[in-house]
Amino acid sequence: MDTAVLENVRRYRAIASLCRQTAAFRPDQRLSLLQQAEDWERLAIGELESHCDPVEPDDEDPEPQEPLVDTRWWLPRREGLFAGLQA
């Protein structure tokens, strides 16, 4: 990828970051600054997308994989963890 494209993306994202940081300290302008940050991020994404070749999907798709499930927040079942305990 062209270094000019990457430099533009870096600049756009730096400006978006500055808008978000400023929004934290200027509550009266918060909504406007967050909208500006979103606009700069959109420019960065557009710049990347305009210079990337789209990926062609494969006709031969391997077996569908099960979606990853985040189990960090699951609670143990009563019969699993507390099996055999009297209340």
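Summary of the structure given here. (Residues numbered from 1 in each chain as written. Predicted model: local features only at pLDDT ≥ 70, side-chain atom pairs only at ≥ 80, totals over all residues. Heavy atoms only, no water.)

### Quick look at the packing of helix α1 (residues 3-25) against helix α2 (residues 30-50)
Point 1. Running from N to C, α1 and α2 point in directions that differ by 165°, and their axes come no closer than 8 Å. Relative to α2, the element α1 is oriented roughly antiparallel. Considering how the two elements wind past one another, α1 and α2 form a crossing that is left-handed. Residues Val5, Leu6, Asn8, Val9, Tyr12, Arg13, Ile15, Ala16, Cys19, Arg20, Thr22 and Ala23 of α1 form the contact with α2, whose own contacting residues are Arg30, Leu33, Leu34, Gln36, Ala37, Trp40, Glu41, Leu43, Ala44, Ile45, Glu47 and Leu48.
Point 2. When its residues are assigned to classes, the contact of α1 with α2 shows 16 nonpolar, three polar and five charged. (Axes fitted to C-alpha atoms, helices over the stretch in contact; angles between N-to-C directions. Helix = DSSP H or I, 4+ residues; strand = E, 2+ residues; numbered from the N terminus. Parallel < 35°, antiparallel > 145°, perpendicular 65-115°, else oblique. Left-handed = near helix turned anticlockwise from the far one by under 90°. Contact = heavy atoms within 4.5 Å. Nonpolar A, V, L, I, M, F, W, Y, C, P; charged D, E, K, R; others polar.)

### Description of the side chain of Glu47
Point 1. With respect to the helices and strands, Glu47 occurs in helix α2.
Point 2. One buried charged residue, Glu47, remains without a salt bridge, the closest side chain of opposite sign being Arg11 at 9.5 Å.
Point 3. Excluding its chain neighbours within four sequence positions, the residues that come into contact with Glu47 are Val5, Asn8, Val9 and Tyr12. (Buried < 20%, exposed > 50% of the residue type's maximum accessible area, 1.4 Å probe, protein only. Lys, Arg positive; Asp, Glu negative; His and termini not counted. Salt bridge = Lys/Arg side-chain N within 4 Å of Asp/Glu carboxyl O.)

### Digging into the pattern of salt bridges
Point 1. On inspection of all chains with the given rule, the structure shows six salt bridges.
Point 2. In this structure, Glu7 engages Arg11 in a salt bridge whose closest nitrogen and oxygen atoms are separated by 3.6 Å. Placement of the pair is Glu7 and Arg11 together in helix α1, with a separation of four residues, close to one helical turn.
Point 3. Classification of Glu7 as partly exposed rests on a relative accessible area of 29%.
Point 4. Residue Arg11 is classed as partly exposed on the basis of its relative accessible area, which comes to 45%.
Point 5. For the salt bridge of Glu41 with Arg13, the shortest nitrogen-to-oxygen distance reads 3.2 Å. Highlighted residues: Glu41 in helix α2 and Arg13 in helix α1, separated in sequence by 28 residues.

Don't take any of this as a statement about function, it's just geometry.
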